[in-house]
Amino acid sequence: MIKVLRGVGLALMAVIVIAFAVVSVGGGSLLPKLERMAGLVPDDSGGGTVAGASIGGPFTLTNAATGATVTDQTYRGHWMLVYFGYTFCPDVCPTDLQRIFAAFKLMGPKSDSITPIFVTVDPARDTAPALARYVALFSPRLIGLTGSQTAIDSVVSAYRVYVSKVPGTAGAPYLVNHSAFIYLMNPEGNLAGIYPPDTNAADLARLLGQAVTTPAS
Ligand code: NI
C-alpha cells in the first residue's frame, strides 16, 4: 500500500486508492476488493472508464525487439496485459513482472491468449536494445515498447499513469516514480480489468482467468 500511495498523484488514482483503503478497513480477504475495483465500464472509444475517467486508447510506439512501429491496432483481436515501468526500476517493476508470469504459469494454456506488454516510462534510458534485453529476462513472450518522449507522454496520459522523475544524487542515477497498475485490454481494445501493484500471482491468475472470456483470434 505504501508503494501505491507513493506513486499515485492523479485524482483518478487517488480515488481508486482511497476506495481501496476504505474497503480495506472493513477487513476480509483481498480478492473481493480487487474484484470490486475491477468493476469497469467499457466504452467504444478504444478505452474504458474507471470512476468516470477514460483509460486506454490509441498509441504509436516501437517494438524494442524488432524495431517495428506498433499501434494499439496491432493488438486488436488479442487480450493485452499492459504494464508501465522502466528498466532501472529498483524493485516494483521486476517484482510485478515476475508476479505476472507466475500468474500466467498458474493459468496454464489460458494465458496463451494474453499478450503481455511492458511500456517504458523512461525512454531516454530505455532504448530499444536496452529494453529488449530487459524484457527477455522475464519472458520471451514479454513485448517491450518504447518511443520518443512525446509518444511515451501520450500513452502515459491515455492510461492515466502517474510518472515523476526524481533527480539522482552524487553518483546515483535518477529514479522515476510511477504508478504500477496492471491493465487488461480486451480484443476490441477496451479496458477489461485493472489490478493494483502487489497483487499476488494466485489472485492475479484468478482475476485474469475470470476476465479473459474469449480466446485470442
Ligand atoms: Ni517500477
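Look up: the structure comes first, before these words.
What counts as what
Residues numbered from 1 in each chain as written. Predicted model: local features only at pLDDT ≥ 70, side-chain atom pairs only at ≥ 80, totals over all residues. Heavy atoms only, no water. Helix = DSSP H or I, 4+ residues; strand = E, 2+ residues; numbered from the N terminus. Buried < 20%, exposed > 50% of the residue type's maximum accessible area, 1.4 Å probe, protein only. Salt bridge = Lys/Arg side-chain N within 4 Å of Asp/Glu carboxyl O.

A. Summary view of the environment of valine 70. As for its placement among the helices and strands, valine 70 is situated in strand β5 (residues 69–71). Since its relative accessible area comes to 5%, valine 70 is described here as buried. Each C-alpha atom, one on valine 70 and one on threonine 146, is 10.0 Å from the other, the two residues being 76 residues apart in sequence.

B. Layout of unusual backbone geometry. You will see that arginine 160, though not glycine, has its phi angle at about 55 degrees, which is positive. The class of arginine 160 is partly exposed, set by a relative accessible area of 30%. Despite not being glycine, aspartate 198 has its phi angle at roughly 75 degrees, a positive value. Within the fold, aspartate 198 resides in the loop between β12 (191–195) and α7 (201–211). Assessed through its relative accessible area of 37%, aspartate 198 is described here as partly exposed.

C. Spatial organisation of the pattern of salt bridges. Inspection of the entire model under this criterion finds five salt bridges. Between arginine 141 and aspartate 112 there is a salt bridge, and its shortest N-O distance comes to 3.9 Å. With arginine 141 in the loop between α5 (128–136) and β8 (143–146) and aspartate 112 in the loop between α4 (92–107) and β7 (114–120), the pair connects residues that are 29 residues apart, well separated along the chain. Relative accessible area serves as the criterion here: at 57%, aspartate 112 is assigned to the exposed category. Its salt-bridge partner being arginine 125, residue aspartate 122 comes within 2.7 Å of it at the nearest N-O pair. The class of aspartate 122 is buried, set by a relative accessible area of 4%. Residue class for arginine 125 comes out buried when judged on its relative accessible area of 16%. Among the charged side chains, a salt-bridge network with shared partners connects Asp96, Arg99 and Asp198.

Geometry only, nothing functional implied.
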